[in-house]
Amino acid sequence: MKKLIIALIGFAMITSCGNNKSNEPEAAQTPSEDTSEMFEKEEYDPNRGEGKFTTVELGEKLDPALATAGESVAGVKCTSCHKLTDEKLVGPGWKGVTERRKPEWIMNFITNPDPMIDKDPELQSQLELCLVRMPNQGLNDEEARQILEYMRKNDGVQ
């Protein structure tokens, strides 16, 4: 009786797995190289990026308290990969970033890097140079704003 049950279980396992026409496991199959259709780039705003920040109000003058807090956050979360100069470390240097990018873009990228890397052609080009995706550091809105102010200080805003 045991042999019959074992044979039936074996038969059931073989026939239930027979739907896959390929000999490769499904996970080993590689997707099409052209994944551009997956992302609707026409909806992506290269000035704002991808995320919840549509407007970020900056003062004409630097907020020293925010910049100091941003320096602390950056020291823990950012400076192992980014230099304050234009020199690449793991990621690109920060010098001039607030002059090249709008504050909304910076805030969205700091808090939501993955969708932006997937959609932004400039970020994709940067990824080819750096070879490492920026990880999501799990920063909250306040920490992201502090880092932005620290970046402004680094770019000479007084």
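On a predicted model such as this, the values are computed, not experimentally measured, just so you know. (Residues numbered from 1 in each chain as written. Predicted model: local features only at pLDDT ≥ 70, side-chain atom pairs only at ≥ 80, totals over all residues. Heavy atoms only, no water.)

(A) Main features of the side chain of asparagine 108. By the element assignment, asparagine 108 lies in helix 4 (residues 103–111). Among the polar contacts listed, one links the side chain of asparagine 108 to the backbone oxygen of arginine 48, at a separation of 2.8 Å. When sequence neighbours within four positions are dropped, the list of residues in contact with asparagine 108 reads Arg48, Gly49, Glu50, Gly51, Lys52, Phe53, Pro113 and Met116. (Helix = DSSP H or I, 4+ residues; strand = E, 2+ residues; numbered from the N terminus. Polar contact = N/O pair within 3.5 Å; in protein donor to acceptor, adjacent residues only side chain to side chain. Contact = heavy atoms within 4.5 Å.)

(B) Geometry of the confidence of the model for the protein. Scored by pLDDT, the protein has a mean of 81; 73% of the residues are at 70 or more. Mean pLDDT in the protein bottoms out at helix 1 (residues 2–16), which sits at 47, and peaks at helix 2 (residues 64–77), which reaches 98. Low pLDDT (under 50) marks residues 10–41, which in the prediction has 8 contacts with non-local residues, meaning those over four places away or in another chain. (pLDDT = per-residue confidence, 0-100.)

(C) Main features of the nonpolar core. Core analysis: the largest hydrophobic core is formed by 22 residues, its most contacted members being Trp94, Trp105, Ile106 and Ile147. Going through the elements one at a time, helix 2, helix 4, helix 5 (113–119) and helix 7 (141–154) are the ones with two or more residues in this core. (Core = buried A, V, L, I, M, F, W, Y, C linked by side-chain atoms within 4.5 Å. Buried < 20%, exposed > 50% of the residue type's maximum accessible area, 1.4 Å probe, protein only.)

(D) Molecular detail of the environment of proline 121. By secondary structure assignment, the location of proline 121 is in helix 6 (residues 121–130). What makes proline 121 partly exposed here is its relative accessible area of 48%.

(E) A look at the packing of aromatic side chains. Enumeration over the complete set of coordinates arrives at 2 aromatic pairs. Ring geometry for tryptophan 105 against phenylalanine 109: centres 5.2 Å apart, planes inclined by 25°, an arrangement best described as stacked. Pair noted here: tryptophan 105 and phenylalanine 109 are both in helix 4, with a separation of 4 residues, about one helical turn. Residue phenylalanine 109 is classed as buried on the basis of its relative accessible area, which comes to 13%. The residue whose ring lies beneath arginine 101 is tryptophan 105, and the NZ or CZ to ring-centre distance is 3.9 Å. (Phe/Tyr/Trp six-rings, centres within 6.5 Å; stacked < 30°, edge-to-face > 60°. Lys NZ or Arg CZ within 6 Å of the ring centre and 35° of its normal.)

(F) Summary view of the layout of surface pockets. One number sums up the size of the largest pocket: a volume of about 670 Å³. Every residue lining the largest pocket is counted, 29 residues in all, and those nearest its centre are His82, Pro92, Phe109, Leu123 and Met134. Elements represented by at least two residues in the lining of the largest pocket include exactly helix 3 (97–100), helix 4 and helix 6. By residue number, the principal contributor to the lining of the largest pocket is helix 6, which donates 5 residues. (1 Å grid on protein atoms, 1.4 Å probe; cavity = no way out; pocket = protein on both sides within 12 Å on 5 of 7 lines; lining within 4 Å. Points joined across faces, edges and corners; volume = space filled by probe spheres on them.)

(G) Just the pattern of salt bridges, in detail. Scanning all chains against the criterion turns up 8 salt bridges. Residue aspartate 114 pairs with arginine 133 through a salt bridge whose shortest N-O separation is 3.4 Å. Highlighted residues: aspartate 114 in helix 5 and arginine 133 in the loop between helix 6 and helix 7, separated in sequence by 19 residues. Overall, aspartate 114 belongs to the partly exposed group, its relative accessible area being 34%. For glutamate 149, the salt bridge identified is with arginine 145, shortest N-O distance 2.7 Å. A residue pair is termed a helical-turn pair when its members lie 3 or 4 positions apart in one helix, as glutamate 149 and arginine 145 do in helix 7 at 4 residues. Take glutamate 149: its relative accessible area is 1%, and that puts it in the buried class. Accessibility expressed as a relative area gives 16% for arginine 145, which makes it buried. (Salt bridge = Lys/Arg side-chain N within 4 Å of Asp/Glu carboxyl O.)

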